[in-house]
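Reading the structure
One-letter residues, chain by chain:
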Amino acid sequence: MHQPDISPLRVFIEPVKITHKGQGYSVSFNCEIIITRTRNPAADACRHLVALGHRGRMEMWDKERSYPRAVFPDIERAARLTVAENERHGPRIVRFERMAEDLRGEFVASRRPA
């Protein structure tokens, strides 16, 4: 019986621009940029890959390390979370609530999932 490929999905992040809100990153998957600018590359990458029909484990890499920056055992679960911070509290993991991209002003995808 043929075993399905259980290799983790690998995304690569690269810093693009620092603004008053923080560091922005681009995200690549299979040698193609899937997100041109985001301040939350892990969660946005998980949501984008799930929208494209991917499931399972994801590793987030950069050009500096010889190991993943982060590992997400289940991108479907991770896609339901995000990082939030404001003047009252530092970064924390919270449930993701979809907002209009033009209102968020931080996520710009080069290719929209179908």
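Look a little higher up for the structure.
Residues numbered from 1 in each chain as written. Predicted model: local features only at pLDDT ≥ 70, side-chain atom pairs only at ≥ 80, totals over all residues. Heavy atoms only, no water.

Examining the pairing of strand β1 (residues 9–19)
Judged from the four bridges that link them, β1 and strand β4 (residues 58–61) form a sheet pairing that is parallel. Along β4, the bridge assignment pairs L9 with M58. Connecting β1 to the antiparallel partner strand β2 (residues 22–29) that follows it, the hairpin turn spans two residues. (Pairing = 2+ DSSP bridges. Helix = DSSP H or I, 4+ residues; strand = E, 2+ residues; numbered from the N terminus.)

With respect to the side chain of N40
Relative to the helices and strands, N40 is located in the loop between β3 (32–38) and α1 (41–51). What makes N40 buried here is its relative accessible area of 9%. Reaching out from N40, the side chain makes a polar contact with the side chain of T82 at a distance of 2.6 Å. Beyond its immediate chain neighbours, meaning those up to four positions away, N40 contacts T82 and V83. (Buried < 20%, exposed > 50% of the residue type's maximum accessible area, 1.4 Å probe, protein only. Polar contact = N/O pair within 3.5 Å; in protein donor to acceptor, adjacent residues only side chain to side chain. Contact = heavy atoms within 4.5 Å.)

Quick notes on α1
Taking burial as the measure, the 11 residues of α1 include nine buried ones, the bulk of the element. Turning to α1, its buried residues number three or more, namely P41, A42, A43, D44, A45, C46, R47, H48 and L49. In the segment just after α1, G53 is the residue with positive phi, at about 100°.

Describing the packing of aromatic side chains
Going through the model one piece at a time under the given rule, you end up with one aromatic pair. Look at F12 and W61: their rings are 6.5 Å apart centre to centre, the planes differ by 35°, and that puts the pair in the tilted class. Here F12 is found in strand β1, whereas its partner W61 is found in strand β4, with 49 residues between them in sequence. Look at W61 and you get buried, because its relative accessible area is 11%. Looking at R47, its charged tip hangs above the ring of F96, at a distance of 3.6 Å from the centre. (Phe/Tyr/Trp six-rings, centres within 6.5 Å; stacked < 30°, edge-to-face > 60°. Lys NZ or Arg CZ within 6 Å of the ring centre and 35° of its normal.)

A few points about the pattern of salt bridges
For the structure on display, the rule yields eight salt bridges. The partner of R57 in a salt bridge is E59, and the shortest N-O contact between them spans 3.9 Å. Among the ionic contacts, a cluster of salt bridges with common partners joins D62, E64, R65 and R69. (Salt bridge = Lys/Arg side-chain N within 4 Å of Asp/Glu carboxyl O.)

What about unusual backbone geometry?
In this structure, N30 is a non-glycine residue whose phi angle is positive, near 50°. Residue position: N30 is located in the loop between β2 and β3. Here C31, not a glycine, exhibits a phi torsion of approximately 65°, which is positive. Here C31 is to be found in the loop between β2 and β3.

So, the pairing of β2
Taken across its eight residues, β2 has six buried, putting it largely inside the fold. Bridge analysis of β1 against β2 gives seven bridges, and the strand direction is antiparallel. What sits directly across from V11, in β2, is F29. Two elements, β2 and β3, share four bridges in a ladder whose sense is antiparallel. Considered in β3, the bridge of S28 is made with I33. Linking two consecutive strands that pair antiparallel, namely β2 and β3, is a turn of two residues; a positive phi of about 50° is found at N30 within it.

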